[in-house]
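Commentary on secondary and tertiary structure
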Amino acid sequence: FSGSGNALMWFRKGLRIHDNPALECASRGVTGGGFLYPVFVIDPHYMEPDPRASSPGSSRAGLNRIRFLLESLKDLDLSLRKLGSRLLVMKGEPGEVLINCLKQKWVATFEKPKGDPSAFLRPATTTLSPYLKFGCVSSRYFYQCIQDVYTRNKKHTSPPVSLLGQLLWRDFFYTVAFGTPNFDQMRGNKICKQIPWNDNDELLTAWREAKTGYPWIDAIMTQWGWMHHLARHCVACFLTRGDLFVHWEKGRDVFERLLIDSDWAINSGNWMWLSCSSFFYQYNRIYSPISFGKKYDPNGNYIRHFLPILKDMPKEYIYEPWTAPLSVQTKAKCIIGKDYPKPMVSHDSASKDCKQKLAAAYELNKKLNGVVSEEDLKVLQ
Ligand code: FAD
């Protein structure tokens, strides 16, 4: 097993360091200053003494074989120590022990921004949000579990990127929401910038129905139920300050209905964040609906899975299928404008337009010290 630069080698029968392809493969999985963890798991079913047996040992193995196994483990440990390592011997049902062991490591090294938003078969984060939302798992219990891991792993990541940091974000939004009148709306909300968003239902519907013509955005909007945090960033930015300039409350309402983890405080808080209405104000930093996803998933596997109409589109066009020559579209059985929509806006000009509108709105908020009326906003529309 390998991940985050570390690798775990599960010794089963190859109790040696010479001529061991699995060990070789595990060492290749160690990157960037990571560690290799050699592990052997003693299965109690194999070792438990059997009082009914005629000779000493367990029901599965006589004493001599058990002794030979223990001596071999000692020898393996000595060989590893010569290389500056050691054998970690654990006891329990091997599947369970190993999964726990991998998770410890995983929790301790969790770094949110490094997660891959396109990883859907094996998501990059805990996917605990629906369980926390419905209270199947208490946040205090989760907090305690994380602390236990940190106690065992002195070298661990820290907030805001660590797993503990994620829980703190949750509490941050709960706290601000509790203390802010009208937290879930723009009007009358003191922490929210007043911005002349549009109420264009056509744009909203295309976004909600995954028909924007940008495969990365439409694939995320098809994954519904649960999406990775950065995937939520991309679609929320696209709907609001990035491209369509639709009101964040509208996007929030769509999320509220369709997310399995939809949570009043967290959802509204993050929509304000992503629309640069509160908490985060760098409106010049816009997620590209083309290059952002490509960075993680150049082959477009995520898109192919959630938008099967594009499954045969060659890799070089998967993020921008409208640029594919007609012959390529025909071969891929996907004609843009017929089988899959053309992009509803040009990202370059739409994002430029959004930035200008945000700049003007920020200026107005500053001039009027945040006390902006509907009439004031109309001037900007
Ligand atoms: P992990 O990264 O494993 O984090 C563990 C837990 O920490 C999460 O389950 C969650 O309870 C909490 N957490 C993580 N990130 C955040 C965050 N940014 N803000 C607050 N708490 C966080 N999360 C919801 O639970 N419900 C929502 O309705 C919701 N709406 C969102 C809307 C937008 C526009 C955005 C950008 C994010 C939203 N999030 C929401 C936050 C975040 O995306 C999810 O909590 C996270 O992706 C859930 O996956 P996970 O459980 O694997 O998270």
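Residues numbered from 1 in each chain as written. Predicted model: local features only at pLDDT ≥ 70, side-chain atom pairs only at ≥ 80, totals over all residues.

Note the cut-off: UniProt positions are given in the numbering used here, feature names are shortened, and annotations may be inferred rather than shown by experiment.
As recorded by an unreviewed UniProt entry, the protein carries the name Photolyase/cryptochrome alpha/beta domain-containing protein and is attributed to Linum tenue. Entered under Sequence similarities (unreviewed entry) in the UniProt record, the comment concerning the protein runs "Belongs to the DNA photolyase class-1 family."

1. Looking at the overall build of the protein
Going by this rule: Helix numbers and strand numbers start at the N terminus; a helix is a DSSP run of H or I with at least 4 residues, a strand a run of E with at least 2. Atoms counted for the radius of gyration: C-alpha only. Globule rule: 2.2 Å times residue count to the power 0.38. Here exposure depends only on C-beta density: within 10 Å of a residue's C-beta, 20 or more other C-beta atoms make it buried, 12 or fewer make it exposed, and intermediate numbers make it partly exposed, the C-beta atoms being placed from the backbone. Here the contact rule is simple: place C-beta atoms from the backbone, and any two residues whose C-beta atoms are within 7 Å are in contact.
A count of helical and extended segments in the protein gives 17 helices and four strands. By the compact-globule yardstick of 21 Å for 381 residues, the protein is too spread out, its C-alpha radius of gyration being 27 Å. Projecting the C-alpha coordinates of the protein onto the three principal axes gives extents of approximately 90 × 60 × 40 Å. When burial is assessed residue by residue, the protein has 30% of its 381 residues classed as buried. By sequence separation, contacts in the protein at least 24 residues apart represent 64% of the contacts at least 6 residues apart.

2. A closer look at the site of the ligand
Keep this limit in mind: Here, nearness is defined through the C-beta atom: a residue counts as near a molecule or strand if that backbone-placed atom lies within 6 Å of it. Amino acids are sorted into nonpolar (Ala, Val, Leu, Ile, Met, Phe, Trp, Tyr, Cys and Pro), charged (Asp, Glu, Lys and Arg) and polar (every other residue, Gly among them).
Close to the ligand lie 28 residues; Thr 125, Thr 126, Gln 166, Asn 267 and Asn 270 are nearest. When residues of the shell around the ligand are traced back to their parent elements, those giving at least two are helix H5 (129-133), helix H7 (163-179), helix H10 (229-242) and helix H12 (264-274). When grouped by side-chain class, the residues that make up the shell around the ligand number 11 nonpolar, 11 polar and six charged.

3. As for the UniProt feature "site: Electron transfer via tryptophanyl radical" (unreviewed entry) in the protein
The residues that UniProt annotates with the feature "site: Electron transfer via tryptophanyl radical" (unreviewed entry) are Trp 197, Trp 248 and Trp 271. Maximum C-alpha separation among the annotated residues is 13.3 Å over a sequence range of 75 residues, consistent with a single clustered spot. On the secondary structure map, Trp 197 appears in the loop between H7 and helix H8 (201-208). The residues contacting Trp 197, other than those within four sequence positions of it, are Phe 245, Val 246 and His 247. Tracing the backbone through its elements, the reader meets Trp 248 in helix H11 (residues 248-258). Once you skip the residues sitting within four places of it in the chain, Trp 248 turns out to touch Thr 240, Trp 271, Met 272, Ser 275 and Ser 277.

4. Examining the environment of Ala 53
Turning to its location among the elements, Ala 53 is positioned in the loop between helix H2 (44-47) and helix H3 (63-82). Among the residues examined, Ala 53 registers 13 C-beta atoms within 10 Å and is labelled partly exposed. In the structure, Ala 53 is positioned 136 residues away from Asn 189 in sequence and 76 Å away in space, judged by C-alpha atoms.

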